[in-house]
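Here's the letter readout for the chains.
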Amino acid sequence: MNKENLILSREHKQIFRKGDSLIKRFDSEFSKADVLNEALNHARVEETDLNIPKLRSVEVVDGNWAIILDFIEGATLQSLMDSYPEKEDEYLNFFVDLQMSVLKHKVPMLNKMRDKFNGKISKADIDATTRYELHTRLDSMPKHDNLCHGDFNPTNIIITADGTPYIIDWSHATQGNASADVARSFMLFYMSGRVELAHKYLNLYCKKSDTAIQYVQRWIPIVAASRLVKAEPHEIELLKQWINVVDYE
């Protein structure tokens, strides 16, 4: 791929545009199984009525595995929020409504969130007693099967010129409890330094969905432990604070 076609470069992956296609190319750190699993997640979510880019193929590009998708022309919701801070409430309402539209869906062939969390908790760099308490808390939480994005934040929403939202990056999609996905979004806002916006988001979601804030907060130690496994260095201290299994306040 030509460097002039590079859109974004992240650790272990690069994203290119080629005409009306988007090429997400992985490096050797990604196994074939991981790439195929991400493509399978995307294909399964594509069977819903949600607006997501169409999966075109999975192939080897310049010696590395790649996922080929439709390229969606537009601006991310994050870039709009940055450019028009006076519209923060409008964009946040839009964000919450879109998340609620995702969470109402069922995609029964996706992996179960509960299994993913249990595996991540087992691998987390925390003491055995805390791991036990987190496993116990997870087991006690209501078992749901909602479609959960796993990384729902404004950078993963593209708004086209006509205002149509497209949701991208379904690599972490699972079926599970909607409030766990909300806890994850709250943490993403918070860890990006937008603490006030994180709390505004959580309050708004809970009001719109008639969900108790305390219920979402009970998921935070579990979600934080799952994040700890591949956390950035600057996130670790905050995540370990959240992992405290005393009820989050």
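Let me begin by describing the structure that accompanies this report. (Residues numbered from 1 in each chain as written. Predicted model: local features only at pLDDT ≥ 70, side-chain atom pairs only at ≥ 80, totals over all residues. Heavy atoms only, no water.)

1. Structural notes on helix α5 (residues 128-140)
Given 3.6 residues per turn, any residue in an α-helix points the same way as the ones three and four places further on. Here α5 is 13 residues long and its end C-alpha atoms lie 18 Å apart, about the 18 Å a rise of 1.5 Å per residue gives. Residues of α5 that are buried: T130, L134, R137 and L138. Seen along its axis, α5 keeps its buried residues to an arc of 100°; they face one direction. Within α5, the exposed residues directed more than 90 degrees away from the buried face are T129, Y132, D139 and S140. For α5, the secondary structure elements touched by its buried residues are α4 (113-123), α8 (213-228) and α9 (236-243). (Helix = DSSP H or I, 4+ residues; strand = E, 2+ residues; numbered from the N terminus. Expected span 1.5 Å × (residues − 1). Buried < 20%, exposed > 50% of the residue type's maximum accessible area, 1.4 Å probe, protein only. Arc of directions from axis to C-beta. Contact = heavy atoms within 4.5 Å.)

2. Describing the nonpolar core
Among the nonpolar cores identified, the biggest contains 59 residues, and W170, M187, Y201 and W219 are the most heavily contacted of them. The dominant element in this core, judged by the number of residues it contributes, is helix α6 (residues 178-191), at nine residues. Apart from the residues within four sequence positions on either side, W219 is in contact with F117, L138, M141, P142, N177, S179, A180 and A183. I15, V35, A39 and I67 belong to the second-largest nonpolar core, a separate cluster that totals seven residues. (Core = buried A, V, L, I, M, F, W, Y, C linked by side-chain atoms within 4.5 Å.)

3. Section: the state of the cysteines
Per the stated rule, a full pass over the model turns up zero disulfides. Between C148, a free cysteine, and C206, which holds the nearest cysteine sulfur, the sulfur-to-sulfur gap is 15 Å. For C206, a relative accessible area of 5% corresponds to the buried category. (Disulfide = S-S within 2.5 Å.)

4. Considerations on the side chain of D181
Among the structural elements, D181 can be located in helix α6. Those residues within four positions of D181 in sequence are excluded, and the remaining contacts are Q99, L103, M113, C148, H149 and G150.

5. With respect to the sheet that holds strand β8 (residues 157-159)
In spatial order, the strands read β6-β8-β9; together these three strands make up an open sheet with antiparallel pairing. A single partner strand is all that each edge strand has here, and the edge strands are β6 (75-76) and β9 (165-167). Where β8 meets β9, three bridges bridge the pair, whose relative direction is antiparallel. What sits directly across from I157, in β9, is I167. Contacts between helix α3 (residues 88-103) and the sheet are confined to β8 and β9, with β9 contributing the most and set at about 55° to the helix. (Pairing = 2+ DSSP bridges. Axes fitted to C-alpha atoms, helices over the stretch in contact; angles between N-to-C directions.)

6. Side note on the packing of aromatic side chains
Per the stated rule, a full pass over the model turns up nine aromatic pairs. Between the aromatic rings of F26 and F30, the centroid separation amounts to 4.7 Å while the plane-to-plane angle is 50°, which identifies the pairing as tilted. We classify F26 as buried; its relative accessible area is 2%. Here the aromatic rings of F95 and F152 are separated by 4.9 Å at their centres, their planes lie at 40°, and the arrangement is tilted. Residue F95 is found in helix α3, and its partner F152 is found in the loop between β7 (146-148) and β8; the two are separated by 57 residues along the sequence. Each of the two residues, F95 as well as F152, counts as buried. Directly above the aromatic system of Y84 lies the positively charged group of K87, at a separation of 5.3 Å from the ring centroid. (Phe/Tyr/Trp six-rings, centres within 6.5 Å; stacked < 30°, edge-to-face > 60°. Lys NZ or Arg CZ within 6 Å of the ring centre and 35° of its normal.)

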